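Residues per chain, in single letters:
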Amino acid sequence: MKLYQQLEDQLKQENDYITDEGELKKWVVINKAQNFDEKLISLLLEDAELKETFFLNVKDTLIFNQNKFIQFLEQKNYLNDSYTQYRNKVGLNIDGKFLKQRNEVSLVWPFKDCVLEGGQSREEDKREEIFFNEILAQDEITQLLEPKVLTNAKTFDKDGEHNFTGFTRNAEINKKRGLPEDTITDNLIIKGNNLLALHSLKKEFAGKVKLIYIDPPYNTENDSFTYNDSFNHSTWLTFMKNRLEIAKRLLKKDGVIFISCDDNEYTYLKSVCDEVFGIERFENIFHVKVRHENRILRKDIRYQKVIEQLLSYGMPNYKPNRIFVEDNSERHYRFAVKINENAKPKIVKIGKYDVEIYNVNEYELLNEDNGDLKEYNIRGSLITQKGSASEYYELNLRERKEEDGLGALYRVIGMGTRGDGLGYRYIRQPFDTSGSNGFYYQGKPISQKEDVGNPYPNYYDFEKEFNLVASEGGVTFKNGKKPELFLKKIMEIGNIYPEDILLDFHIGSGSSMATAHKLGFQYIGCEQMTSQIDLSLERLQNVINGDTTGISKEEDVNWKGGGSFKYLELRRYNQIFVDQIKDSNDTKELLTIWEQMKAKSFLNYNVDIKKQDAHIEDFKKLDLKEQKEHLVSILDKNQLFVNVSSLNDAEMKCTDEDKKVTQDFYQINKA
């Protein structure tokens, strides 16, 4: 480790090799080395140890060992991974040319072509993330994203936790929802890295998910789920892009995804989604009020945030739900006209119509619940409707108010026959002098257009629900939990039907899963943080037992309990050692872990165990943080979890139960 620091310090003496932030431009140094740059070689020769390490003495002539130098810079335990050289690039480029070289603008960010694993299993973990560049390490990516072995499977129902006995594949339910008859119909909760979990779901659920909702880390200093908030802007974009790409493959052709976010990243997130899903697939940005404007959380900020955003993208056949107002049109038809038997109307040609004129004493205007006529006050825009009864009154009858008297009734023969089929239209003068406008009466239409409903608005006020959500579901979780009523609204807009599949791969405290359970949707939830998994399991057990909070008492829910779900974990391998390293408290514990790693773990191919042991005293001189970083760095990150392809490999030590669960899920050896 000392040599690494010594080289970096020496190289940073040259301003051309460092960024404005003081970081080493490793890609520049590598380029200089490839071209045997005189300035670089001179700089290396000035340090005795670097001179001895990277130069060969052949007959008193020093020869620069170019390959050794470049390999040293590129090896993973120095750069953390093979993509650190891109970390300080600007990233705004088009067709390989940087923005300053062109006039156009394109949103392309650092790490855009990388896969970010994003592993964090506990709230206190702030792990240096692993990047796999899609071009430089495609073999690593393929191995990383292979389906994983499943382990520790359990079933939860009203009687609590049970041993796993198999997955349910209800053919009738699958027929009803248009999916293959052998599709799993159980609710699933999966613990493990969500990127790897999504790729593990691909074989069974690709093209089958109706609705995805996620509430990812907002990339703030204090994200509610305590994810890796140290993500910088470009890292966060990569984190989201990798997961959205596989999420898209899981959606049905009429599926939809909703993503909660705030104004810290949502404009950039929209650009990512435009690229992943296609700009033509953009549905809406919903604006959600989440707190009262007078509820000040921090006084050291310039503006009080009361609104969060909800992005929505639909697949090609997606149709959002519509608002259908209850049909109360019949109640508007509450009038009837009763002509007296002894009435003797005048019959006059007015305009193009023959008109019967009755004075106020020759008829009765009845107001009753089951009438046949609807009353319209002739005013405003009604008057301008060409060919209407309102226009006819304005052009022909208003001037007859004095001649025919207040309350005079006109039966206009032949008007409106194509509308209500009555063959006439009643129009009358106001009953008293204070009235300036007339009225007309229309019958029920012969035919009505199909009600296509109204669109949902793009603003919702859930401030009250967010304010009271902390203990919803029987689990306490402050500053981040989403209210069930808010999630119910999303599912309503998403036009999801009972037994459709809902996916959430950032389940947090289990709000979306609890809501889906109560509404009768099949759900799949993924979460890697132990504390959030524990909360979700507790909450879902509460739901099964009849939880009365959230939407339970809504009239259209009336939740009484019931149902079940299956719990699974991605089987760890090297991840076990990573977790042990993170939890260790001193060097003695780490040395014990190192002994176990030598015997049982998969180390990077370029790790020389003998050299590690030979320099163990140097290792002890490092501070605890550096010791942990070093041990994690030498583990093969492609072996953090066990791939299905290694299910039967003896060194992976998969149990018979692991094999049973995994083979059932992926339908391996299916007859």
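Just so it is clear, the structure is predicted and the values come from calculations on it, not from any experiment.

The rules behind the values
Residues numbered from 1 in each chain as written. Predicted model: local features only at pLDDT ≥ 70, side-chain atom pairs only at ≥ 80, totals over all residues. Heavy atoms only, no water. Helix = DSSP H or I, 4+ residues; strand = E, 2+ residues; numbered from the N terminus. Buried < 20%, exposed > 50% of the residue type's maximum accessible area, 1.4 Å probe, protein only. Contact = heavy atoms within 4.5 Å. Pairing = 2+ DSSP bridges. Axes fitted to C-alpha atoms, helices over the stretch in contact; angles between N-to-C directions. Phe/Tyr/Trp six-rings, centres within 6.5 Å; stacked < 30°, edge-to-face > 60°. Lys NZ or Arg CZ within 6 Å of the ring centre and 35° of its normal. Salt bridge = Lys/Arg side-chain N within 4 Å of Asp/Glu carboxyl O. Patch = residues over 30% accessible without salt bridge, like charges linked within 9 Å, V, L, I, M, F, W, Y side chains within 5 Å. Areas by Shrake-Rupley, 256 points an atom, 1.4 Å probe, with all protein chains shown as cover. pLDDT = per-residue confidence, 0-100. Core = buried A, V, L, I, M, F, W, Y, C linked by side-chain atoms within 4.5 Å. Parallel < 35°, antiparallel > 145°, perpendicular 65-115°, else oblique. Left-handed = near helix turned anticlockwise from the far one by under 90°. Nonpolar A, V, L, I, M, F, W, Y, C, P; charged D, E, K, R; others polar.

Undergrad: Can you help me understand the overall build of the protein in this one?
TA: Helix and strand counts for the protein stand at 23 helices and 25 strands. Scored against the burial criterion, the 671 residues of the protein give a buried share of 50%. Put simply, of all contacts in the protein between residues at least 6 apart along the chain, 70% involve residues at least 24 apart.

Undergrad: What's the story with the sheet that holds strand β7 (residues 150-157) in this structure? I'm lost.
TA: Where strands meet in a sheet, backbone hydrogen bonds hold them as pairs that are either parallel or antiparallel. Strand order in the open sheet formed by eleven strands is β8-β7-β25-β9-β24-β23-β10-β11-β13-β12-β22, and the pairing between neighbours is mixed. The open sheet has two free edges, formed respectively by β8 (160-163) and β22 (459-461), since each of these has just one partner strand. In this sheet, neighbouring strand axes are inclined to one another by 20° on average, regardless of whether the strands run parallel or antiparallel. Here seven bridges tie strand β12 (residues 282-289) to strand β13 (residues 307-314), and the two strands are oriented antiparallel to one another. When the bridges of β13 are listed, Asn284 appears paired with Ser312. Here helix α15 (residues 484-493) sits on the sheet in contact with β10 (209-214), β11 (251-261), β12, β13, β22 and β23 (501-504), set at roughly 145° to β10. Most of the contacts of helix α16 (residues 511-519) go to strand β24 (residues 522-527), to which it runs at about 170°, and overall it touches β9 (188-191), β10, β23 and β24.

Undergrad: How should I be thinking about the packing of aromatic side chains in this particular structure?
TA: The relative placement of two aromatic rings is captured by the distance of their centres and the angle of their planes. The tally for this structure, following the rule as stated, stands at 22 aromatic pairs. With a centroid separation of 5.6 Å and 25° between ring planes, the pair formed by Phe277 and Tyr313 is classed as stacked. Remark: Tyr313 occurs in strand β13 and Phe277 occurs in helix α11 (residues 266-277); sequence separation between them is 36 residues. Judged on exposure class, the residue Phe277 and its partner Tyr313 are both buried. Over the ring of Phe239 we find Arg243; its NZ or CZ atom is 4.0 Å from the centre of that ring. Looking at Lys270, its charged tip hangs above the ring of Phe282, at a distance of 4.4 Å from the centre.

Undergrad: Looking at this model, I keep getting lost on the environment of Ile357. Mind explaining?
TA: Examined against the element boundaries, Ile357 turns out to sit in strand β16 (residues 353-358). Looking at Ile357, the relative accessible area reads 4%, which means it is buried. Considered as a pair, Ile357 and Lys344 are 13 residues apart in the sequence and their alpha carbons are 8.8 Å apart. Every residue in contact with Ile357, bar those within four places of it in the chain, is listed here: Pro345, Lys346, Val348, Ile350, Glu362, Arg400, Asp404, Leu409 and Tyr410.

Undergrad: I keep staring at helix α18 (residues 574-583) and nothing clicks. Help me out?
TA: Count 3.6 residues to each turn of an α-helix, and residues three or four apart come out pointing the same way. What α18 keeps buried is the set Asn574, Gln575, Phe577, Val578, Asp579 and Ile581. Considering only its buried residues, α18 is in contact with α19 (587-600) and α22 (624-633).

Undergrad: For this particular structure, what's the right way to read the pattern of salt bridges?
TA: Oppositely charged side chains can form a pair if their charged atoms are brought close together. All told, the structure shown has 37 salt bridges when counted by the stated rule. Residue Arg411 pairs with Glu356 through a salt bridge whose shortest N-O separation is 3.6 Å. Taken together, the residues Arg411 in strand β19 (residues 409-413) and Glu356 in strand β16 connect sequence positions 55 residues apart. You can call Arg411 partly exposed: its relative accessible area is 23%.

Undergrad: Just to check I follow, could you spell out a nonpolar patch on the surface for this structure?
TA: On the surface, Leu56, Val58 and Ile63 cluster together into a nonpolar patch covering about 240 Å² of accessible area. As for its position among the elements, Ile63 is in strand β2 (residues 61-64). Classification of Ile63 by relative accessible area gives partly exposed; the value is 41%.

Undergrad: It is not clear to me how the confidence of the model for the protein should be interpreted in this structure. Could you clarify?
TA: For any part of a model where pLDDT is low, the fine detail of the predicted coordinates should not be relied upon. Mean pLDDT over the protein works out to 84, with 84% of the residues at or above the 70 mark. Here residues 76-110 is a poorly scored stretch, pLDDT under 50, and it has 75 contacts once near neighbours within four places are set aside; other chains count. Residue range residues 223-231 is modelled with pLDDT below 50. Its contacts to residues more than four positions away, or to other chains, number 42 contacts.

Undergrad: Looking at this model, I keep getting lost on the nonpolar core. Mind explaining?
TA: Among the nonpolar cores identified, the biggest contains 70 residues, and Leu201, Ile212, Leu244, Leu269, Leu503, Met597 and Phe665 are the most heavily contacted of them. Ranked by residues supplied to this core, first place goes to helix α10 (residues 233-250) with eight residues. Setting aside its immediate chain neighbours within four residues, Leu503 contacts Leu198, Leu201, Val209, Leu211, Ile212, Tyr213, Leu250, Ile524 and Cys526. In terms of nonpolar packing, the next biggest core, distinct from the first, is built from 39 residues, Phe286, Val288, Ala514 and Leu537 among them.

Undergrad: What am I meant to see in the pairing of strand β1 (residues 55-58) here?
TA: Looking down a regular strand, the side chains alternate between one sheet face and the other. In this sheet, β2 lies alongside β1 in antiparallel orientation, the contact comprising four bridges. What sits directly across from Asn57, in β2, is Leu62.

Undergrad: Hey, could you run me through the packing of α16 against helix α17 (residues 530-544) in this one?
TA: Two quantities define a packed helix pair, namely the angle between the helix axes and the distance between the axes. Relative orientation of the contacting elements α16 and α17 amounts to 20°, with a least axis distance of 9 Å. One element, α16, and the other, α17, form an angle in the roughly parallel class. Classified by chirality, the crossing of α17 by α16 is right-handed. Here Ser511, Met513, Ala514, His517 and Lys518 of α16 come into contact with α17, specifically with Arg539, Leu540, Val543 and Ile544. Of the residues that constitute the contact of α16 with α17, the class distribution is five nonpolar, two polar and two charged.

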